[in-house]
Amino acid sequence: MYQLTPRMQQNLRQYLEKYHDLFDGGRCSGWELEELIYKSIQSDNTAGHHPTWQEGGHDDQADIRVRVNGEIYPLQIKSGEVKQVRSGTQRKPHLVLSGHRMSRFNGDFKVITEYLNEERADFLSIPYRKVEDDTGRHHIYQIVYVEGMYLRQLNPDQWEKVGASWRQVNPYKVIFTVSPSMSWQVWWRIPLSLVLHSPEFVIG
C-alpha cells in the first residue's frame, strides 16, 4: 500500500497551513485537497515517486496514480471523518467515507454488490475536525491509509433494510450503507483497527 514519505507529510501540512491562511471557515476538501496531495508527492525529489493527477475524475476511479520503480499505485483521495459508530454491542471509532452514486443500477442489488466488490484503488483519506476555544479556531487533520481489499467481499443476499437505507457488514466488519434517497450513494464505516494513520496535527 502506498504511503507518503515524511517529507511529503511535512509539505502537505505546510500547504494546508497556507490554505487556512486564506480560507479559515472549514476543511480543505474536493479537488483542492487532491491537488495539495499531488503537489506533496511531487515535492519529495529524492523519493523517486512520480504522480499523475486526473483532475475532476470519476468518483469510482483513481484520482492520483503514483509510479514507483515501475509499479503503479492508484489512489482515491477522500476527506472523511472519524466517528464513534455502533459495532455489535459497542461503539468504536470508525473512519466514515462517502463513495459512489449507483442510481444507474436501478436498485439491482446483485449488480450493486458486484460493482462494490470490484478491485479498484486504495484510499488516502484526510479526516478533519474543527475545534474552537479561548485561543481561537483550530483545524485538526490526520492522514489515513485504507487498503481497497477491506472494502469488498459483500454478498448480494445479505443486504438489510434499516430505516430508509440498506446495510451490510462484510467479513472485515466494515459497515456498508446504501441510500436510495441520495442517488443510491454508498457510505463506508471502516474500523480504525484496519487502517494505518498518522497522529493528528493542528493548524491554527
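As the structure is a computational prediction, the values presented were derived from the model and not from experiment.

Digging into the overall build of the protein
Tallying secondary structure elements over the protein gives 3 helices and 15 strands in all. For 204 residues, the compact-globule estimate of 2.2 N^0.38 gives 17 Å, and the C-alpha radius of gyration of the protein, at 18 Å, lies within 12% of that figure. Oriented by its inertia axes, the alpha-carbon framework of the protein measures out at about 50 × 50 × 30 Å. Looking at the protein as a whole, 45% of its 204 residues are labelled buried. Sequence separation of at least 24 residues holds for 56% of the intrachain contacts in the protein that already meet a minimum separation of 6. For the protein, the accessible area works out to roughly 10900 Å², and carbon and sulfur atoms hold 46% of it. Computing the positive centroid from 24 side-chain charges and the negative centroid from 25, the protein places the two 5 Å apart.

Some words on the pairing of strand S5 (residues 90-101)
Two elements, strand S4 (residues 81-87) and S5, share 7 bridges in a ladder whose sense is antiparallel. When the bridges of S5 are listed, Val85 appears paired with Lys92. As paired elements, S5 and strand S13 (residues 185-191) share 6 bridges and run antiparallel to each other. Across the sheet, Leu97 pairs through a bridge with Trp188, a residue of S13.

Digging into the nonpolar core
Counting 26 residues, the largest nonpolar core has Leu4, Ile37 and Leu124 as the members making the most contacts within it. Secondary-structure elements contributing two or more residues to this core are helix H1 (6-22), helix H2 (30-43), strand S2 (64-68), strand S3 (71-78) and strand S15 (201-203). Element by element, the count of residues in this core is highest for H2, at 5 residues. One finds Ile112, Trp159, Val178 and Ile190 within the second-largest nonpolar core, a separate group that totals 24 residues.

Here's the deal with the pairing of S13
Where a strand is regular, its side chains alternate between the two sheet faces. Burial analysis of S13 places 5 of its 7 residues in the buried class, which makes it a mostly covered element. Relative to S13, strand S12 (residues 175-179) is paired through 5 bridges, and the arrangement is antiparallel. Across the sheet, the residue bridging to Ser179 is Gln185, located in S13. What sits between the antiparallel neighbours S12 and S13 is a turn of 5 residues, in which Ser183 has the positive phi angle 60°.

Examining H2
An ideal rise of 1.5 Å per residue puts 20 Å on 14 residues; H2 measures up with 20 Å between its terminal C-alpha atoms. Where H2 is concerned, the buried positions are Leu33, Glu34, Leu36, Ile37, Tyr38, Ser40, Ile41 and Ser43. Tucked inside the fold, the buried residues of H2 contact H1, strand S1 (49-53), S2, S3 and strand S6 (122-125).

Brief notes about the confidence of the model for the protein
Chain-level statistics for the protein give a pLDDT mean of 94 and a share of 98% at 70 or above. The least confident element of the protein is S4, whose mean pLDDT is 88; the most confident is strand S9 (residues 144-146), at 98.

Comments concerning the sheet that holds S13
The antiparallel open sheet is built from 6 strands, whose spatial order is S4-S5-S13-S12-S11-S10. Because the sheet does not close on itself, it has two edges, and the strands there are S4 and strand S10 (160-162). Between one strand axis and the next, the sheet turns through 35° on average, direction left out of account.

As for unusual backbone geometry
Phi at Asn106 is positive, roughly 55°, even though this residue is not glycine. In this structure, Asn106 sits in the loop between S5 and helix H3 (109-117). Residue class for Asn106 comes out exposed when judged on its relative accessible area of 72%. In this structure, Ser183 takes a positive phi of about 60° despite not being glycine.

Things to note about the packing of aromatic side chains
For the structure on display, the rule yields 11 aromatic pairs. Taking the centre distance of 5.7 Å and the plane angle of 65° together, the rings of Phe109 and Trp184 count as edge-to-face. Separated by 75 residues along the polypeptide, Phe109 in helix H3 and Trp184 in the loop between S12 and S13 bring together distant segments of the chain. You'll find Phe109 and Trp184 in the same group, each marked buried. Members of the aromatic cluster, joined through ring pairs, are Phe109, Trp159, Trp166 and Trp184. Positioned above the aromatic ring of Tyr115 is the side chain of Arg104, whose terminal nitrogen or guanidinium carbon lies 5.1 Å from the ring centre. Here Arg120 stacks its cationic end above the ring of Tyr115, 4.1 Å away from the centre of that ring.

Rules of the game
- Residues numbered from 1 in each chain as written.
- Predicted model: local features only at pLDDT ≥ 70, side-chain atom pairs only at ≥ 80, totals over all residues.
- Heavy atoms only, no water.
- Helix = DSSP H or I, 4+ residues; strand = E, 2+ residues; numbered from the N terminus.
- Rg over C-alpha atoms; globule rule 2.2 N^0.38 Å.
- Buried < 20%, exposed > 50% of the residue type's maximum accessible area, 1.4 Å probe, protein only.
- Contact = heavy atoms within 4.5 Å.
- Areas by Shrake-Rupley, 256 points an atom, 1.4 Å probe, with all protein chains shown as cover.
- Lys, Arg positive; Asp, Glu negative; His and termini not counted.
- Charge placed at Lys NZ, Arg CZ, Asp CG, Glu CD.
- Pairing = 2+ DSSP bridges.
- Core = buried A, V, L, I, M, F, W, Y, C linked by side-chain atoms within 4.5 Å.
- Expected span 1.5 Å × (residues − 1).
- pLDDT = per-residue confidence, 0-100.
- Axes fitted to C-alpha atoms, helices over the stretch in contact; angles between N-to-C directions.
- Phe/Tyr/Trp six-rings, centres within 6.5 Å; stacked < 30°, edge-to-face > 60°.
- Lys NZ or Arg CZ within 6 Å of the ring centre and 35° of its normal.

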